[in-house]
Amino acid sequence: MHVLVSGGAGFIGGHLCRRLLSESHVVSAVDNFDPYYDRAIKEEGIADLTGRPNFHFYEQDINNTAFLGSVLEGQSIDAVVHLAAKAGVRASIENPVGCAHFNITGTQSMLEFARKMGVEVFIFGSSSSVYGNNEKVPFSEEDAVHHPISPYAASKRSGELLAHTFHHLYDMTVHCLRFFTVYGPRQRPDLAIHKFARQLLTGQPITMYGDGTSSRDYTYVDDIVDGIVASLQRAHALEQPEYEIINLGGSETTELLNLIHGIGKALGIKPTIERQPMPPGDVERTYADISKARALLGYEPDTPIGEGLEKFADWVEGYYPSQKPDRV
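Residues numbered from 1 in each chain as written. Predicted model: local features only at pLDDT ≥ 70, side-chain atom pairs only at ≥ 80, totals over all residues. Heavy atoms only, no water.

Draft legend 1. Looking closely at the overall build of the protein. Looking only at helices and strands, one finds eleven helices and 13 strands in the protein. Computed over its C-alpha atoms, the radius of gyration of the protein comes to 19 Å, within 12% of the 20 Å expected for a compact globule of 328 residues. For the protein, the spread of C-alpha atoms along the three principal axes comes to 60 × 45 × 40 Å. For the protein, the residues scored as buried account for 54% of the 328 residues in total. Restricting to contacts in the protein with at least 6 residues of sequence separation, those with at least 24 account for 84%. Of the roughly 13800 Å² that the protein leaves accessible, carbon and sulfur atoms contribute 49%. (Helix = DSSP H or I, 4+ residues; strand = E, 2+ residues; numbered from the N terminus. Rg over C-alpha atoms; globule rule 2.2 N^0.38 Å. Buried < 20%, exposed > 50% of the residue type's maximum accessible area, 1.4 Å probe, protein only. Contact = heavy atoms within 4.5 Å. Areas by Shrake-Rupley, 256 points an atom, 1.4 Å probe, with all protein chains shown as cover.)

This is how it looks when you write it as structure tokens:
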């Protein structure tokens, strides 16, 4: 298969590109190295991929589809995996217009590009944030998602609706994969696990929002990549086009306070906690019902949070090697 991955130098995108190449697929990746965080993390994520004959990387904005059309003209693309986004709930509140430009207009641009290139499979990286403060747990794809509480959440739901439109109009197979709090090596530095680890490694107190009882369904990045690859395989084998929304999560929850102590244990550093009020836009909990993913994709996450934190600690200690305080 020839797969175009948008956001291919990002956290999930880099891991996905590596997996696809290991399975002998051809990968074209596009990423604009948005300055939201240090591009060095992205560059590290794809450094070992550049130069491989089956990997083609383009530094470009996904809205510049004329450029993509020119460099990919005449090539047969079997699937688009659209992961590029202006990420972050809090960042979207600070810059809602930028969020809409990249996440809504950008998704529209990629869908139209796929249509023009005759691509029959479109995999969209959505988010558990679309569920908002859903009181029913675990979150099911059948639940109503009419009340997003951040521009980011609204933009991801908008992407799902745009993708459905293209499925309906052009018989495109679309899978909207709702990711639940993905973590692992090379994750964004603003995400909780990376931020907490950096604070521990630099001898700072951990900033904890709320009373520590909020909870998340933390999902290790390799498990997410397993789900994306299974989605591609299913979509590629279909005889008739389909539109599906599918949760990809770890299907277990961890309270914030327990997460902080788990990171401290993995790094061997006792955390000092500084409490702050819960910011607007943050949900109280996420919890994935993955029965649909199991049925359609054979999806079975197998990285418990403790094991995943140990793997993340191994990476983060290497990334910040000169900033380790004395252990306790």
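Picking up after the structure, the text goes on.
Draft legend 2. Highlighting the pattern of salt bridges. In this structure the tally under the stated criterion is 17 salt bridges. Asp-34 is the partner of Lys-86 in a salt bridge, and the nearest nitrogen-oxygen pair spans 3.0 Å. A residue pair is termed long-range when its members are at least 10 positions apart, and Lys-86 in the loop between β4 (79-82) and α4 (89-94) and Asp-34 in the loop between β2 (26-31) and α2 (39-46) qualify at 52 residues. Given a relative accessible area of 14%, Asp-34 falls into the buried group. Three or more residues are tied together by salt bridges with common partners; here these are Arg-18, Asp-48 and Arg-52. (Salt bridge = Lys/Arg side-chain N within 4 Å of Asp/Glu carboxyl O.)

Draft legend 3. Expanded view of the sheet that holds β4. Pairing is parallel in the open sheet, where seven strands are placed in the order β3-β2-β1-β4-β5-β6-β11. The outermost strands of the open sheet, each flanked by one partner alone, are β3 (55-59) and β11 (243-248). Geometrically, the sheet is characterised by an average inter-axis angle of 15° between neighbouring strands, direction not taken into account. In this structure, strand β1 (residues 2-6) lies alongside β4, joined through four bridges in parallel fashion. Counterpart to Val-5 in the pairing with β4 is Val-81. Its contacts with the sheet put helix α5 (residues 96-116) on β1, β4 and β5 (121-127), and the angle it makes with β4 is roughly 175°. (Pairing = 2+ DSSP bridges. Axes fitted to C-alpha atoms, helices over the stretch in contact; angles between N-to-C directions.)

Draft legend 4. Highlighting the side chain of Lys-195. Here Lys-195 lies in helix α7 (residues 192-201). We note that Lys-195 is buried and unpaired, the nearest opposite charge coming from Asp-190 at a distance of 8.7 Å. If we skip the residues at most four places from it in the chain, Lys-195 touches Pro-189, Asp-190, Thr-207 and Tyr-209. (Lys, Arg positive; Asp, Glu negative; His and termini not counted.)

Draft legend 5. Fine view of α7. Most of α7 is tucked away, with eight of its ten residues classed as buried. Close packing links the buried residues of α7 with α2, β7 (182-183), β8 (206-209), α9 (256-267) and α11 (305-319). With its phi angle positive at about 75°, Gly-203 sits one or two positions after the end of α7.

Draft legend 6. View of unusual backbone geometry. For the peptide bond that leads from Val-137 to Pro-138, omega is -5°, which places it in the cis range. Here Pro-138 is to be found in the loop between β5 and α6 (151-170). Notably, Ser-24 is not glycine yet its phi reads approximately 70°, a positive angle. Residue position: Ser-24 is located in the loop between α1 (11-22) and β2. Not every positive phi belongs to a glycine, and Ser-251 is a case in point at roughly 60°. For Ser-251, the position within the fold is in the loop between β11 and β12 (254-255). According to the relative accessible area criterion, Ser-251 is partly exposed, its value standing at 23%.

Draft legend 7. Main features of the nonpolar core. If you look at the biggest cluster of nonpolar residues, it comprises 67 residues, and the most contacted ones within it are Val-5, Leu-16, Val-81, Phe-179, Leu-259, Ile-263 and Leu-267. Of the residues forming this core, the biggest block, eight residues, is contributed by helix α8 (residues 221-237). Residues contacting Ile-263, with those up to four places away along its chain left out, are Ile-193, Phe-196, Ala-197, Leu-200 and Leu-309. Core analysis: the second largest hydrophobic core is formed by 23 residues, Leu-68, Ala-84, Val-174 and Ile-245 among them. (Core = buried A, V, L, I, M, F, W, Y, C linked by side-chain atoms within 4.5 Å.)

Draft legend 8. Broad picture of the packing of aromatic side chains. In the structure shown here, the tally under the stated rule is 13 aromatic pairs. Summarising the aromatic geometry, the rings of Phe-33 and Phe-57 are spaced 5.7 Å apart at their centres and angled 65° between planes, so their arrangement reads as edge-to-face. One end of the pair, Phe-33, is in the loop between β2 and α2; the other, Phe-57, is in strand β3, and 24 residues separate them in sequence. The interplanar angle of 75° and the centroid separation of 6.2 Å between the aromatic rings of Tyr-58 and Phe-67 together place this pair among those described as edge-to-face. By relative accessible area, Tyr-58 is classed as buried at 16%. Owing to a relative accessible area of 25%, Phe-67 belongs among the partly exposed residues under this scheme. Ring pairs connect the aromatic residues Phe-312, Trp-315, Tyr-319 and Tyr-320, which therefore count as one cluster. For the cation-ring pair, Arg-39 lies above Phe-33, with the distance from its terminal atom to the ring centre recorded as 3.9 Å. Here Arg-178 stacks its cationic end above the ring of Tyr-131, 4.9 Å away from the centre of that ring. (Phe/Tyr/Trp six-rings, centres within 6.5 Å; stacked < 30°, edge-to-face > 60°. Lys NZ or Arg CZ within 6 Å of the ring centre and 35° of its normal.)

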